[in-house]
Amino acid sequence: MTTTGTATPQTLSATRRTAGVALASVSGVAVAVQSRINGELGVRLADGFAAAVVSFGLGLLVLLVLVPATPGGRRGLVTLRRALAAGALRPWQCLGGMCGAFLVASQGLTIGTLGVAVFTVAVVAGQSGSSLAVDRAGIGPTGRQPITRQRLAGAVLTVLAVGLAVGDRLSAPGALALALLPLLAGVGTAWQQAVNGRVRAAADHTLTATLVNFAVGAATLLVAFAIDLAVRGWPTGHLPSEPWLYLGGPIGIVFIAIAAAIVRFTGVLLLGLATIAGQIVGAVLLDLVLPTAASHPGVNTLLGAALTMVAVLIAALAPPGRR
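Residues numbered from 1 in each chain as written. Predicted model: local features only at pLDDT ≥ 70, side-chain atom pairs only at ≥ 80, totals over all residues. Heavy atoms only, no water.

Chemist: How should the nonpolar core be read in this particular structure?
Modeler: The tendency in soluble globular proteins is for nonpolar side chains to be buried as a group. Core analysis: the biggest nonpolar cluster contains 23 residues, and F56, L63, F214 and L221 have the highest contact counts within it. Only α1 (9-45), α2 (48-69), α4 (96-114), α9 (206-232) and α10 (248-289) provide two or more residues apiece to this core. Excluding anything up to four places from it in sequence, F56 contacts G97, G100, A101, V104, N213, F214, G217, A218 and L221. Core analysis: the next-biggest nonpolar cluster, separate from the first, contains twelve residues, A259, V268, L271 and A274 among them. (Core = buried A, V, L, I, M, F, W, Y, C linked by side-chain atoms within 4.5 Å. Buried < 20%, exposed > 50% of the residue type's maximum accessible area, 1.4 Å probe, protein only. Helix = DSSP H or I, 4+ residues; strand = E, 2+ residues; numbered from the N terminus. Contact = heavy atoms within 4.5 Å.)

Next up, the structure:
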């Protein structure tokens, strides 16, 4: 505190970073719930791509109504267009939704087999290492961030935790191969959070950045679904009647909006780690309290999840390095 009683910039920054970490952890729990919803929707429709289209499509419809209806949303769209025209924002930085589409598709394709816990731990592995690389490259709105030994140790330990969590599935190559999809989705998630933060900064409006993410993701999923239809035909399942199975899209809006808003305070790595912590807690609780036929976590899965939490703490408690 200064002599006038006002907070110093360093104190204010630390407060915002702490609040950002708390919000990211809560959103991580929401992502675990979204994974369960989209996974179950994929089982009901008998098509993971169809479930992803429904989830992303509903989220996009909500944003198409919400953003133009608000003055801030309309200003954000105008500001974003100007930023693109002036070159302050590159078109490729608006493509984060492609990675979100891949994550949602992998939820519908794999959770019915892997369960939420194994799915989440695989996402964690990809996201941890990718966050380090994205921060180091300066892709996010905070610019280049250092890779310290402690953060690197946390990322490596996270990968080892994934091996432990899926170790009991080594005798099932098909299930183990499926774990590669959420692993790759985690790699893309870090890049998505970074570029969405750039879009949010350029538009100066969080929901505008979220709308861009959902529009790109929905377009990507429609192309993938069209290819899926051409190869496998129309899904054999039916649209379920339970309303809660259609909440994946709205939950995704909350997650993307929070990430785009706070990444400028936390950086990609710390945002990813806080989100991971929430995902791990939420995923294991879901698999324990509300298990499905595929989601009965064994000792290895629980130990892997616990080891992941340790890895997150190691990296999160690392002192900031010099830029």
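Chemist: Can you walk me through a nonpolar patch on the surface in this structure?
Modeler: On the surface, V281, L285, L288, V289, L290 and L302 cluster together into a nonpolar patch covering about 530 Å² of accessible area. Sorting elements by how many residues they give to the nonpolar patch places α10 first, with four residues. Mapped onto the secondary structure, V289 falls in helix α10. (Patch = residues over 30% accessible without salt bridge, like charges linked within 9 Å, V, L, I, M, F, W, Y side chains within 5 Å. Areas by Shrake-Rupley, 256 points an atom, 1.4 Å probe, with all protein chains shown as cover. Salt bridge = Lys/Arg side-chain N within 4 Å of Asp/Glu carboxyl O.)

Chemist: Would you take a moment to explain the environment of A277 for this structure?
Modeler: Within the secondary structure layout, A277 lies in helix α10. Among the residues examined, A277 registers a relative accessible area of 16% and is labelled buried. Taking the C-alpha atoms as reference points, A277 and S27, separated by 250 residues in sequence, lie 9.9 Å from one another.

Chemist: Looking at this structure, I do not really get α10. What am I missing?
Modeler: Quick reminder: α-helices carry 3.6 residues per turn. Residues three or four places apart thus point the same way. If you check α10, its first and last C-alpha atoms are just 20 Å apart, much less than what 42 residues at 1.5 Å a residue would give, namely 62 Å. The sharpest bend along α10 reaches about 110° and sits at G267. Most of α10 is tucked away, with 34 of its 42 residues classed as buried. (Expected span 1.5 Å × (residues − 1). Bend = angle between axes of the 7 residues up to and from the residue.)

Chemist: Would you take a moment to explain the side chain of S55 for this structure?
Modeler: Structurally, the position occupied by S55 is in helix α2. If near-sequence neighbours (up to four positions away) are discounted, S55 is found in contact with N38, V104, G248 and G249.

Chemist: I keep staring at the confidence of the model for the protein chain and nothing clicks. Help me out?
Modeler: Any residue range with low pLDDT should be treated as having predicted coordinates unsuitable for detailed reading. Overall, the predicted model of the protein chain reaches an average pLDDT of 81, with 86% of residues at or above 70. Scored below 50 in pLDDT, residues 1-7 makes four contacts in the model with residues more than four places away or belonging to other chains. (pLDDT = per-residue confidence, 0-100.)

Chemist: Would you mind showing me how to read unusual backbone geometry here?
Modeler: Note on backbone geometry: most residues besides glycine have negative phi, and most peptide bonds are trans. One non-glycine residue, A46, lies in the positive phi region at around 60°. For D204, which is not glycine, the phi torsion reads 55° and is therefore positive. Assignment of secondary structure puts D204 in the loop between α8 (180-203) and α9.

Chemist: Where do I start with helix α3 (residues 71-86) in this structure?
Modeler: End to end, α3 covers 23 Å across 16 residues, agreeing with the expected 22 Å (1.5 Å per residue, within 8%). Where α3 is concerned, the buried positions are G72, G73, G76, L80 and A83. The buried residues of α3 occupy an angular sector of 90° when projected down its axis, which confines them to one face. In α3, the exposed residues that point more than 90 degrees away from the buried face are R75, R81, R82, A85 and A86. Buried residues along α3 sit against α2, α8 and α9. Where α3 ends, the next residue or the one after it, G87, has phi of about 85°, a positive value. (Arc of directions from axis to C-beta.)

Chemist: Just checking my understanding: could you explain the packing of α8 against α10 for this structure?
Modeler: Each pair of packed helices can be summarised by the angle the axes make with each other and by the distance between the axes. Relative to each other, α8 and α10 sit at 135°, their axes nearing to 8 Å. Put simply, α8 runs oblique to α10. Considering the relative orientation of α8 and α10, their crossing is left-handed. Two secondary-structure elements touch here, α8 through A190, Q192, Q193, A194, N196, G197 and R200 and α10 through F255, I256, A259, A260, A261, V263, R264, V268, L271, G272 and T275. Split into classes, the residues belonging to the contact of α8 with α10 amount to ten nonpolar, six polar and two charged. (Axes fitted to C-alpha atoms, helices over the stretch in contact; angles between N-to-C directions. Parallel < 35°, antiparallel > 145°, perpendicular 65-115°, else oblique. Left-handed = near helix turned anticlockwise from the far one by under 90°. Nonpolar A, V, L, I, M, F, W, Y, C, P; charged D, E, K, R; others polar.)

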